[in-house]
Amino acid sequence: MFKGKRIVLVISVLLIALFVLAACQSEPTEVEVTRVVEVEVPGETVEVPGETVEVEVEVTRVVEVPAEVEMAVAVIPYEEEWANSPHNDAEAEAFRHWDEDGEVPGRCSRCHSAEGLPLFIEQGVTINQPTANGLNCATCHDDLNTYTRYQTEDVTFPSGSTVTLEDPDANLCMNCHQGRSSGSTVDARIGDTPDDEVSDSLGFINVHYFAAGASLFGSEAGGAYEFDGNDYVGRFEHVGNFDVCIECHDTHALEVKYEACGNCHEGVESEEDLHNIRISETDFDGDGDAAEGIAGEVETMNEALLVAMNAYATATEGVDAIVYDSHSYPYFFNDAEERYATWTPNLLRAAYNYQYAQKDPGGFAHNGQYILQALYDSIAAVGGDVSGMTRPG
């Protein structure tokens, strides 16, 4: 009865039990969600008693296909602040200086590579590191899930002195913001060379940049050159809640939280206004202006030091005129624009302190009295006139 005819059988299978069971759970549970798709199955041959006919069968088969999952986007705390900070300035000389070399040498990698500081904190060593586009989260954070920081209980400075802010997070900053030289470095270079004698063995010693931690601790860290027989102040202790690095600077953006300064210091409405802050009524630089900020006192005394250094060069036999360029290493040149070479111990000490004040632009706030003491003594050492100046206490 089926001869010459094609019979089409349509069979459909519907599965809903999975969802019913999931809905009936007494407690929340994880359920794998699937999509249902239809898959055609090729025709089959069915044997009928007495004759064989080809039957075309369409089957709707339920096939489980893993559901598409939306990937969660990780939210990185303070990413925007860090991204716009000097620590992430990929074009800065602080990170691009070694591009031609292909790696950052060990003597620089602690602070100028992304991986150098963690290695130094954990192992106490520095090695050559890949060049980097700045510091990243893992440079300071030892766990990127909890964002805890590497613990630094104290910090050893180039002078050999070990100090602490009693705050591991603030101590972390000083691993780099300490300079690379100290007054003892200068003394080691000078040896027993007479104060005003030119020596070929002498050369300029650079403190490096942003030695804020050294300034903050003053004579306890010995960052500036301290002349024998003189006393120097130690750590500058500001008011509570504004006494360590991360209380005055935004941890990620690095900017000064100047808004809070205005609560005590009148007239502070911008970061630039911080330069107008002073507490003492003493005219340290002797310019007759006792109302200018302590930053102005430091600036004027530093200018006076460079003038005194040139007068010393003119008056001292065998010493060339000295020129300073803050943007060109090695910073001090003769009038033929050559590396300065006719150093005496006193001129070297003065030049070191001049550079020290130049390269800590926030020194007036970190420890203004310490900076002024070092500048005053340097002017006197090269025969400059300090009669109208006042050395801080």
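The structure we're discussing is the one just above.
Just so you know, these numbers come straight off a predicted model, no measurement behind them.

Caption draft 1: Up close: the packing of aromatic side chains. Enumeration according to the criterion identifies twelve aromatic pairs in this entry. Arranged with centres 5.0 Å apart and planes meeting at 80°, the rings of Tyr225 and Phe227 form a pair that is edge-to-face. Judged on exposure class, the residue Tyr225 and its partner Phe227 are both buried. The rings of Phe204, Tyr324, Tyr329, Tyr331, Phe332, Tyr340, Trp343 and Tyr354 are connected pair by pair, giving a single aromatic cluster. Stacked on the ring of Tyr232, the Lys or Arg Arg391 has its end atom at 5.0 Å from the ring centre.

Caption draft 2: Layout of the environment of Met389. Take Met389: it is sitting in the segment after helix H14 (363-381). When its relative accessible area of 14% is taken as the criterion, Met389 is described as buried. For the pair Met389 and Met301, spaced 88 residues apart in sequence, the C-alpha to C-alpha distance is 8.7 Å.

Caption draft 3: Layout of the nonpolar core. Core analysis: the largest hydrophobic core is formed by 60 residues, its most contacted members being Met301, Met309, Phe332, Tyr340, Trp343, Leu347 and Tyr356. Elements with a contribution of two residues or more to this core: helix H7 (168-174), helix H8 (183-190), helix H9 (212-217), helix H12 (294-315), helix H13 (345-359) and H14. For this core, the element with the highest residue contribution is H12, accounting for ten residues. Once residues within four sequence positions are removed from consideration, Tyr356 is found in contact with Val207, Ala211, Ala214, Ser215, Gly223, Ala224, Tyr370 and Ile371.

Caption draft 4: Representation of the packing of H13 against H14 within the structure. Running from amino to carboxyl end, H13 crosses H14 at an angle of 150°, the nearest separation of the two axes being 9 Å. Accordingly, the angle class assigned to the pair H13 and H14 is roughly antiparallel. As H13 runs across H14, the sense of the crossing is left-handed. On the side of H13, the interface is formed by Asn346, Arg349, Ala350, Asn353, Tyr356 and Ala357, while H14 contributes Tyr370, Ile371, Ala374, Leu375, Ser378 and Ala381. Tallied by class, the residues present in the contact of H13 with H14 amount to eight nonpolar, three polar and one charged.

Caption draft 5: Region of interest: the state of the cysteines. Applying the stated criterion across every chain, the model contains one disulfide. Each sulfur in the disulfide pair Cys111 and Cys176 lies 2.2 Å from the other. Of note, the bridge from Cys111 to Cys176 carries an S-S torsion of about -105° and is left-handed in sense. Here Cys111 is found in helix H4 (residues 106-112), whereas its partner Cys176 is found in the loop between H7 and H8, with 65 residues between them in sequence. Overall, Cys176 belongs to the partly exposed group, its relative accessible area being 23%. A disulfide-free cysteine, Cys173 has its sulfur positioned 4.7 Å from the sulfur of Cys245, the nearest such atom. Overall, Cys245 belongs to the partly exposed group, its relative accessible area being 22%.

Caption draft 6: Region of interest: the pattern of salt bridges. Across all of its chains, the model carries six salt bridges by this definition. Asp99 is the partner of Arg96 in a salt bridge, and the nearest nitrogen-oxygen pair spans 2.6 Å. Among the residues examined, Asp99 registers a relative accessible area of 38% and is labelled partly exposed. For Arg235, the salt bridge is made with Asp243, and the minimal N-O distance between the two is 3.0 Å. An identical accessibility class is assigned to Arg235 and Asp243; each is buried.

Caption draft 7: Inspection of the environment of Asp99 at higher detail. Relative to the assigned elements, Asp99 resides in the loop between helix H3 (93-96) and strand S6 (103-104). Remark: the alpha-carbon pair of Asp99 and Pro130, spanning 31 residues in sequence, is separated by 9.4 Å.

Caption draft 8: Expanded view of the side chain of Ser378. With respect to the secondary-structure elements, Ser378 resides in helix H14. Apart from residues lying up to four places away in sequence, Ser378 is in contact with Phe227, Leu305, Arg349, Ala350 and Asn353.

Caption draft 9: Region of the structure containing H13. Here H13 spans 21 Å end to end across 15 residues, near enough to the 21 Å set by a 1.5 Å rise per residue. Of all 15 residues that make up H13, 14 are buried, and the element is covered over most of its length.

Caption draft 10: Structural detail: the environment of Asp196. Considering the arrangement of structural elements, one finds Asp196 in the loop between H8 and H9. Under the relative-accessibility criterion, Asp196 is labelled partly exposed at 45%. Taking the C-alpha atoms as reference points, Asp196 and Val382, separated by 186 residues in sequence, lie 8.9 Å from one another. Excluding residues within four positions of it along the chain, Asp196 makes contact with Tyr312, Thr316, Thr344, Pro345 and Asn346. For Asp196, the side chain forms a polar contact with the side chain of Asn346, separated by 3.2 Å.

Caption draft 11: Expanded view of the side chain of Ser85. Following the sequence through the fold, Ser85 ends up in the loop between helix H2 (79-83) and H3. Among the residues examined, Ser85 registers a relative accessible area of 4% and is labelled buried. There is a polar contact of 3.4 Å between the side chain of Ser85 and the backbone oxygen of His252. When neighbours within four sequence positions are excluded, Ser85 is seen to be in contact with His252, Ala253 and Leu254.

Conventions adopted
Residues numbered from 1 in each chain as written. Predicted model: local features only at pLDDT ≥ 70, side-chain atom pairs only at ≥ 80, totals over all residues. Heavy atoms only, no water. Phe/Tyr/Trp six-rings, centres within 6.5 Å; stacked < 30°, edge-to-face > 60°. Buried < 20%, exposed > 50% of the residue type's maximum accessible area, 1.4 Å probe, protein only. Lys NZ or Arg CZ within 6 Å of the ring centre and 35° of its normal. Helix = DSSP H or I, 4+ residues; strand = E, 2+ residues; numbered from the N terminus. Core = buried A, V, L, I, M, F, W, Y, C linked by side-chain atoms within 4.5 Å. Contact = heavy atoms within 4.5 Å. Axes fitted to C-alpha atoms, helices over the stretch in contact; angles between N-to-C directions. Parallel < 35°, antiparallel > 145°, perpendicular 65-115°, else oblique. Left-handed = near helix turned anticlockwise from the far one by under 90°. Nonpolar A, V, L, I, M, F, W, Y, C, P; charged D, E, K, R; others polar. Disulfide = S-S within 2.5 Å. Salt bridge = Lys/Arg side-chain N within 4 Å of Asp/Glu carboxyl O. Expected span 1.5 Å × (residues − 1). Polar contact = N/O pair within 3.5 Å; in protein donor to acceptor, adjacent residues only side chain to side chain.

The quantities given are spatial measurements derived from coordinates; they are silent on function.
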